[in-house]
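Per-entry structural report
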Amino acid sequence: MTDDCLFCRIVAGEIPADVVRRGDGMLAFRDIAPKAPVHVLVIPERHVHSIAGVDGLDSDERAQMLAFIADVAAQEGIEESGYRVTTNHGPDALQSVFHLHWHVMGGTTLSESM
Ligand code: DGP
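Report follows, based on the coordinates. (Residues numbered from 1 in each chain as written. Predicted model: local features only at pLDDT ≥ 70, side-chain atom pairs only at ≥ 80, totals over all residues. Heavy atoms only, no water.)

1. Looking at the pattern of salt bridges
Applying the stated rule across the entire model yields 8 salt bridges. Across the salt bridge formed by Arg22 and Glu45, the nearest N and O atoms sit 2.9 Å from each other. One end of the pair, Arg22, is in strand E1 (residues 19-23); the other, Glu45, is in the loop between strand E3 (38-44) and helix H2 (59-75), and 23 residues separate them in sequence. What makes Arg22 partly exposed here is its relative accessible area of 48%. In this structure, Arg46 and Glu61 form a salt bridge, with 2.8 Å as the shortest nitrogen-oxygen distance. Here Glu61 lies in helix H2 and Arg46 lies in the loop between E3 and H2, a separation of 15 residues in the sequence. (Salt bridge = Lys/Arg side-chain N within 4 Å of Asp/Glu carboxyl O. Helix = DSSP H or I, 4+ residues; strand = E, 2+ residues; numbered from the N terminus. Buried < 20%, exposed > 50% of the residue type's maximum accessible area, 1.4 Å probe, protein only.)

2. A word on the packing of aromatic side chains
For the coordinates displayed, the defined rule picks out 1 aromatic pair. Between Phe7 and Phe29, the aromatic rings sit 5.3 Å apart at their centres with planes inclined by 80°, giving edge-to-face as the arrangement. A residue pair is termed long-range when its members are at least 10 positions apart, and Phe7 in helix H1 (residues 6-11) and Phe29 in strand E2 (residues 26-30) qualify at 22 residues. This pair shows no difference in class: Phe7 is buried, exactly as Phe29 is. Across the ring face of Phe68, the terminal group of Arg21 is positioned such that the distance to the ring centre comes to 5.8 Å. (Phe/Tyr/Trp six-rings, centres within 6.5 Å; stacked < 30°, edge-to-face > 60°. Lys NZ or Arg CZ within 6 Å of the ring centre and 35° of its normal.)

3. Section: the side chain of Ser50
By the element assignment, Ser50 lies in the loop between E3 and H2. Reaching out from Ser50, the side chain makes a polar contact with the backbone nitrogen of Ala52 at a distance of 3.0 Å. A distance of 2.7 Å separates a polar atom in the side chain of Ser50 from a polar atom in the side chain of His89. Those residues within four positions of Ser50 in sequence are excluded, and the remaining contacts are Asn88, His89, Gln95 and Leu100. (Polar contact = N/O pair within 3.5 Å; in protein donor to acceptor, adjacent residues only side chain to side chain. Contact = heavy atoms within 4.5 Å.)

4. Regarding the sheet that holds E1
Spatially, E1-E2-E3-E5-E4 is the arrangement adopted by the 5 strands of the open sheet, whose pairing is antiparallel. Bordering the open sheet on either side are E1 and strand E4 (83-86), each of which pairs with just one other strand. Sheet twist, expressed as the average angle between the axes of neighbouring strands with direction ignored, equals 15°. Of the pairings in the sheet, the one linking E4 to strand E5 (residues 102-106) comprises 4 bridges and is antiparallel in character. The residue bridging Thr86 from the neighbouring strand is His103, located in E5. (Pairing = 2+ DSSP bridges. Axes fitted to C-alpha atoms, helices over the stretch in contact; angles between N-to-C directions.)

Take a look at the structure:
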């Protein structure tokens, strides 16, 4: 837990979020500004600043994170129709929250430019 991290505070329940799945040290909740009909953020509960800090997760957590992303997409009913998974790191990618998170987006045909 990092006190000044927004997503750590969501993990701790200090800030409300529309949680869709929790388990195995992972949390999934709806993005506050969705860019698709389904737009869920998947985060490790343990704080790492971005994918560039993924060394801060052990190999089990990394594997669980990938499986969790796929499970969330299936739970959201977009496995058949398709979905996109992205993560932003650093200024050129416009990362705005500095806790590793995966955008899981679907529910419509997504723009090529997203
Ligand atoms: P990024 O730009 O990749 O760092 O994405 C951060 C995302 O986090 C962005 O799509 C909006 C979302 N977000 C920011 N603040 C909150 C919040 O308080 N609650 C939720 N659910 N999502 C948030």
